[in-house]
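Per-entry structural report
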Amino acid sequence: MAFHCLRHSFATILISLGIDVYVVSKMLTHRSVRTTQIYADVVSEKKREASNAITLK
(Lines give C-alpha, C1' and ligand atoms only; values in the text may rest on other atoms or scores of the structure.)
Protein backbone atom coordinates (compact mmCIF):
# COMPACT_ATOMS: atom_id res chain seq x y z
CA MET A 1 0.00 0.00 0.00
CA ALA A 2 2.78 2.48 0.84
CA PHE A 3 4.44 2.00 -2.54
CA HIS A 4 1.15 2.64 -4.33
CA CYS A 5 0.60 5.85 -2.33
CA LEU A 6 4.13 6.94 -3.15
CA ARG A 7 3.46 6.47 -6.88
CA HIS A 8 0.32 8.60 -6.63
CA SER A 9 2.14 11.35 -4.75
CA PHE A 10 5.10 11.22 -7.12
CA ALA A 11 2.87 11.55 -10.19
CA THR A 12 0.78 14.34 -8.70
CA ILE A 13 3.86 16.32 -7.68
CA LEU A 14 5.50 15.94 -11.08
CA ILE A 15 2.39 17.09 -12.91
CA SER A 16 1.89 20.02 -10.51
CA LEU A 17 5.48 21.06 -11.27
CA GLY A 18 4.61 21.19 -14.96
CA ILE A 19 6.21 17.95 -16.13
CA ASP A 20 4.47 16.76 -19.28
CA VAL A 21 1.80 14.12 -18.65
CA TYR A 22 3.33 11.90 -21.36
CA VAL A 23 6.70 11.94 -19.59
CA VAL A 24 5.07 11.07 -16.27
CA SER A 25 3.12 8.30 -17.99
CA LYS A 26 6.32 6.75 -19.31
CA MET A 27 8.04 7.09 -15.93
CA LEU A 28 5.17 5.22 -14.27
CA THR A 29 5.10 2.67 -17.11
CA HIS A 30 1.40 3.20 -17.75
CA ARG A 31 0.16 1.51 -20.90
CA SER A 32 -2.17 4.38 -21.63
CA VAL A 33 -1.71 8.09 -21.01
CA ARG A 34 -5.38 8.16 -19.99
CA THR A 35 -4.39 6.44 -16.76
CA THR A 36 -1.92 9.22 -16.03
CA GLN A 37 -4.42 11.96 -16.92
CA ILE A 38 -6.27 11.13 -13.69
CA TYR A 39 -3.41 12.86 -11.84
CA ALA A 40 -3.68 15.89 -14.12
CA ASP A 41 -7.39 16.13 -13.28
CA VAL A 42 -6.54 16.17 -9.56
CA VAL A 43 -4.05 18.99 -10.10
CA SER A 44 -6.56 20.96 -12.22
CA GLU A 45 -9.20 20.61 -9.51
CA LYS A 46 -6.78 21.90 -6.87
CA LYS A 47 -5.96 24.91 -9.07
CA ARG A 48 -9.68 25.63 -9.48
CA GLU A 49 -10.22 25.43 -5.73
CA ALA A 50 -7.32 27.81 -5.11
CA SER A 51 -8.56 30.37 -7.61
CA ASN A 52 -12.11 30.16 -6.24
CA ALA A 53 -10.78 30.86 -2.74
CA ILE A 54 -9.53 34.29 -3.83
CA THR A 55 -11.84 37.08 -2.78
CA LEU A 56 -11.53 40.75 -3.59
CA LYS A 57 -12.66 43.20 -0.94
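Source: prediction; values computed, not measured.

Look at helix α1 (residues 2-16): 21 Å from first C-alpha to last across 15 residues, which is about the 21 Å you get at 1.5 Å a residue. Those residues of α1 that are buried lie in contact with α2 (21-27) and α3 (33-52). Positive phi appears at Gly 18, one or two residues downstream of α1, with a value of about 95°.

In this section: the nonpolar core. In a soluble, globular protein the nonpolar side chains are often hidden away together inside. Ala 11, Leu 14, Ile 15, Val 21, Val 24, Leu 28, Tyr 39 and Val 43 together form the largest nonpolar core, which totals 8 residues. Of all elements in the fold, only α1, α2 and α3 reach the threshold of two or more residues within this core. Of all the elements, α1 adds the most residues to this core, at 3 residues. If we skip the residues at most four places from it in the chain, Tyr 39 touches His 8, Ala 11, Thr 12, Ile 15, Leu 28 and His 30.

With that out of the way, let us pick up a nonpolar patch on the surface. On the surface, Phe 10, Ile 13, Leu 17, Ile 19, Val 23 and Met 27 cluster together into a nonpolar patch covering about 560 Å² of accessible area. Secondary structure elements with two or more residues in the nonpolar patch: α1 and α2. Position of Leu 17 among the secondary structure elements: in the loop between α1 and α2. Judged by relative accessible area, which is 65%, Leu 17 ranks as exposed.

Parameters at a glance
- Residues numbered from 1 in each chain as written.
- Predicted model: local features only at pLDDT ≥ 70, side-chain atom pairs only at ≥ 80, totals over all residues.
- Heavy atoms only, no water.
- Helix = DSSP H or I, 4+ residues; strand = E, 2+ residues; numbered from the N terminus.
- Expected span 1.5 Å × (residues − 1).
- Contact = heavy atoms within 4.5 Å.
- Core = buried A, V, L, I, M, F, W, Y, C linked by side-chain atoms within 4.5 Å.
- Buried < 20%, exposed > 50% of the residue type's maximum accessible area, 1.4 Å probe, protein only.
- Patch = residues over 30% accessible without salt bridge, like charges linked within 9 Å, V, L, I, M, F, W, Y side chains within 5 Å.
- Areas by Shrake-Rupley, 256 points an atom, 1.4 Å probe, with all protein chains shown as cover.
- Salt bridge = Lys/Arg side-chain N within 4 Å of Asp/Glu carboxyl O.

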